[in-house]
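Listed here are the chains, written in short residue letters.
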Amino acid sequence: MAKYQKIIDWLNKNIDEGRLRPGEKIPSENELCEMFGLSRQTVRHAIAKLSEEGLLESVRGSGTYVSDQHAEEGKKSVVAVVTTYVDDYIFPSTISGIESTLSSKGYSMQLSFTNNTTGKEKQILEDLLERNDVAGVIMEPVKSALPNPNIALYHKLMERGMKILFLNSYYPELDLPHVSINDEECAYRAVKALAEAGHKSIGCVLKLDDGQGRERYRGYLRAMTECKLSFTYDHVNWIDTIDIKDGKKALGRVKERLNGCTAVFCYNDLVAGMLMQMLQEEGLKVPGDMSVIGMDDSDMAKVGVGGVAISSIPHPKARLGEKAAQNIIRMIHSSGQFGNATFEFAEDVIMRDSVRQI
């Protein structure tokens, strides 16, 4: 990491968390030099980068201040927010976080849903190309692990200077920032927690058509390798969006492929809950016969299945929405490319009754 990046990260963190507010003066160059043990040239480079991104503004003879980044009168002030669904247990809190942050800066939010289909995504993108009042777009990708037929439409928006930020995942074909959880790291922590509980044969149930599933598989493999656990692809199960809609009947073959496992890492709490219900209906005990970890720390995880609360990695939900809104605002106000718009949250496992110690 470049030396100046330490200063940028520190300033970003303090601004995002409200310790440095709009209009407030940041520490002087001398103070920053002393704080980080860096040269004045390095400090000036960091300040210049953040000034270029519109986050800071320098006043000759006075110092450097945090910019307000409020929507400017007479300029575009609509941010289009596009998610796959609205009724999922994650999205209401995330959307609320986005809206509250945007409105505090004078931006209005226009909300659309793709229903996780490329056809609906295409309609929304074509509509955005026809409009001239949109300052930026926060977009959740559709089935981001699969080739997407709408990439050319994204390129057209980019050519017009539209600021685009992806939410929860991203399209590898596009060089655009994203705000999400760190899927690989979170999956790694979940599987490592199972290993530390004494489990040596650990399977997984992951989503095939979303990029999150791909990254969580990387985390699963990293933990299995680091913990020196034997790996067989027979214990890796892939399901898709339709399978999840079909409910637990879609998990029929999963039980067979988990034969010999004492623990399983699931794509999310919904999948974990369906799997636990299926196992319990077939006379197997959780965690006695199978330990289970999910992701998102939903209400389902807390309430549990059959009286067994689900161990889970929490999803930042509202914090993720707030961060996405903060970053799209910075992108809108940046005179160049906002270099720190990608941000990934890393969360720790909340252990509950669904995991037993061996």
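Note: the structure precedes this text.
Keep in mind it's a predicted model, so treat the numbers as computed, not measured.

S.K.: Any details on the packing of helix α1 (residues 3-16) against helix α2 (residues 29-36)? Residues and values, ideally.
M.R.: Taken N-terminus to C-terminus, the directions of α1 and α2 make an angle of 110 degrees; their axes are 11 Å apart at the nearest point. Between α1 and α2, the angle is such that the two are roughly perpendicular. The residues of α2 that touch α1, namely those facing K6, I7 and W10, are L32, M35 and F36.

S.K.: Tell me about the side chain of T101, and please be specific about residues and values.
M.R.: Residue position: T101 is located in helix α4 (residues 91-104). Looking at T101, the relative accessible area reads 13%, which means it is buried. Within the structure, the side chain of T101 is placed 3.0 Å from the backbone oxygen of G97, a separation counted as a polar contact. With near-sequence residues (within four places) excluded, T101 lies in contact with E322, A325, Q326 and I329.

S.K.: Which residues make up the sheet that holds strand β8 (residues 202-207), and what are the values?
M.R.: Sheet architecture is open: five strands sit in the order β9-β8-β10-β11-β12, paired in parallel fashion. Two strands bound the open sheet, and with one partner strand each, they are β9 (236-239) and β12 (311-314). The sheet shows a mean angle of 15 degrees between the axes of neighbouring strands, direction not considered. Pairing of β8 with strand β10 (residues 263-266) involves four bridges; the strand directions are parallel. Bridged to C204 within β10 is F265. Strands in contact with helix α8 (residues 211-226) are β8, β9, β10 and β11 (291-296); relative to β8, the strand with the most contacts, it is inclined by about 165 degrees.

S.K.: Please provide a residue-by-residue account of the pairing of strand β6 (residues 163-167), values included.
M.R.: When you tally the buried positions in β6, you get four out of five residues, the bulk of the element. Sheet topology note: the strand β5 (residues 134-139)/β6 ladder contains four bridges and is parallel. Paired with G136 across the bridge in β6 is K163. Running through helix α6 (residues 151-159), the crossover from β5 to the neighbouring parallel element β6 is right-handed. Across two bridges, the pairing between β6 and strand β7 (residues 178-181) is parallel. Note that in β7 the partner of L167 across the bridge is V179.

S.K.: Tell me about unusual backbone geometry, and name the residues and values.
M.R.: With omega at 10 degrees, the peptide bond leading from V286 into P287 counts as cis. Structurally, P287 is set in the loop between α11 (269-281) and β11. Although it is not a glycine, Q69 sits at a positive phi angle of roughly 55 degrees. Within the secondary structure, Q69 sits in the loop between β2 (63-66) and β3 (78-83). Since its relative accessible area comes to 8%, Q69 is described here as buried. Unusually for a residue other than glycine, N115 sits at a positive phi of about 55 degrees. Structurally, N115 is set in the loop between β4 (108-113) and α5 (118-130). The class for N115 is partly exposed, based on a relative accessible area of 45%.

What counts and how
Residues numbered from 1 in each chain as written. Predicted model: local features only at pLDDT ≥ 70, side-chain atom pairs only at ≥ 80, totals over all residues. Heavy atoms only, no water. Axes fitted to C-alpha atoms, helices over the stretch in contact; angles between N-to-C directions. Helix = DSSP H or I, 4+ residues; strand = E, 2+ residues; numbered from the N terminus. Parallel < 35°, antiparallel > 145°, perpendicular 65-115°, else oblique. Contact = heavy atoms within 4.5 Å. Buried < 20%, exposed > 50% of the residue type's maximum accessible area, 1.4 Å probe, protein only. Polar contact = N/O pair within 3.5 Å; in protein donor to acceptor, adjacent residues only side chain to side chain. Pairing = 2+ DSSP bridges. Right-handed = clockwise from strand over helix to strand, strands pointing away.

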